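Single-letter residue listing:
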Amino acid sequence: MTCNPLKRPIILAPAGDMHAFLAAIAAGADAIYCGLKIFSARMEAGNFSIEELARLTQFAHSKGVQVYVAFNSIIKESETDKVLRLLDKLTRHTDVDALIVQDISMVGLAEHAGYKGKLHLSTLGNCTHPAGLTAAQQAGFSRVVLPREFSLDDIRAMAAAVPD
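Remember, it's a predicted structure, so these values are computed and weren't measured experimentally. (Residues numbered from 1 in each chain as written. Predicted model: local features only at pLDDT ≥ 70, side-chain atom pairs only at ≥ 80, totals over all residues. Heavy atoms only, no water.)

Think of a pair of aromatic rings as described by two things: how far the centres are apart, and how the planes are tilted against each other in angle. Applying the stated criterion across every chain yields a total of 1 aromatic pair. With a centroid separation of 5.9 Å and 70° between ring planes, the pair formed by F21 and F48 is classed as edge-to-face. One end of the pair, F21, is in helix α1 (residues 18–26); the other, F48, is in the loop between β2 (31–35) and α2 (50–62), and 27 residues separate them in sequence. Like F48, F21 is buried. (Phe/Tyr/Trp six-rings, centres within 6.5 Å; stacked < 30°, edge-to-face > 60°. Helix = DSSP H or I, 4+ residues; strand = E, 2+ residues; numbered from the N terminus. Buried < 20%, exposed > 50% of the residue type's maximum accessible area, 1.4 Å probe, protein only.)

Helix-helix packing is described using two parameters, namely the angle between the two axes and the distance between the axes. The interhelical angle for the contact between α2 and helix α3 (residues 80–93), taken along N-to-C directions, is 30°, at an axis separation of 10 Å. By the criterion of interaxial angle, the relationship of α2 to α3 is roughly parallel. In the crossing of α2 with α3, the sense of the turn from one axis to the other is right-handed. Listed contacts from α3 to I50, E51, L53 and A54 of α2 are L86, K89, L90 and H93. (Axes fitted to C-alpha atoms, helices over the stretch in contact; angles between N-to-C directions. Parallel < 35°, antiparallel > 145°, perpendicular 65-115°, else oblique. Left-handed = near helix turned anticlockwise from the far one by under 90°. Contact = heavy atoms within 4.5 Å.)

Right, let's get into the pattern of salt bridges. When the charged atoms of two side chains with opposite charge come close together, those side chains can pair. Enumeration according to the criterion identifies 3 salt bridges in this entry. Among the salt bridges present, the one from R92 reaches D88, with a minimum N-O distance of 2.8 Å. Here D88 and R92 lie together in helix α3, a separation of 4 residues that amounts to about one turn. Of the charged contacts, one joins R156 and D153 as a salt bridge, the two residues approaching to 3.1 Å between their closest N and O atoms. Placement of the pair is R156 and D153 together in helix α6 (residues 152–160), with a separation of 3 residues, close to one helical turn. Comparing R156 with D153, the two get one shared label, exposed. (Salt bridge = Lys/Arg side-chain N within 4 Å of Asp/Glu carboxyl O.)

For the rest of this paragraph, the subject is the sheet that holds β2. In space, the 6 strands of this open sheet follow the order β1-β2-β3-β4-β5-β6, with parallel pairing throughout. This sheet does not close on itself; its edge strands, each paired only once, are β1 (12–15) and β6 (143–144). The pairing of β1 with β2 spans 4 bridges and is parallel. When the bridges of β2 are listed, L12 appears paired with A31. The strands that α1 touches are β1, β2 and β3 (66–71); relative to β2, the one it contacts most, it runs at about 170°. (Pairing = 2+ DSSP bridges.)

Here the focus is the packing of α3 against helix α4 (residues 105–112). Two numbers describe how α3 lies on α4: the axes approach to 9 Å, and their chain directions differ by 55°. Considered as vectors, α3 and α4 are oriented oblique to each other. Our pair here, α3 against α4, has a crossing hand that is right-handed. Of the residues in α4, those in contact with T80, V83, L84 and L87 of α3 are M106, L109, A110 and H112. Within the contact of α3 with α4, the residues separate by chemical class into 6 nonpolar, 2 polar and no charged. (Nonpolar A, V, L, I, M, F, W, Y, C, P; charged D, E, K, R; others polar.)

Structural data, given as structure tokens:
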């Protein structure tokens, strides 16, 4: 996990369908986050099939734009096989830059499925205490998405606590 106050912030845009994805690229986004048809917190969004995401990710990368997949769902033990099949398919057919996950079980599941990209802890993962940053890093997360409710002072305190 790194925090460099001199580094230019990135513009991360949400995309719930192909039109929003392409609009984000056209508008100059540095990265796009989107969901799959299942295991997404925004099920009302159109979201993406693996096949659509593979094509769009290839296009985004040709424009220098990163793609993150938000896997913002709790994972029930009964869903383990379904999650592993989805992660395996995602790993084999797409080259996404990161998974944004809510459930920390995804660290082990993604590794088991052969996923080699980065893992980001979602705002839904509730990392709200500076000590949580070290725990997130030790768990395998390279980035933590802070809660929307945080004030600028809360964000500054977390930034000051980012582990080396």
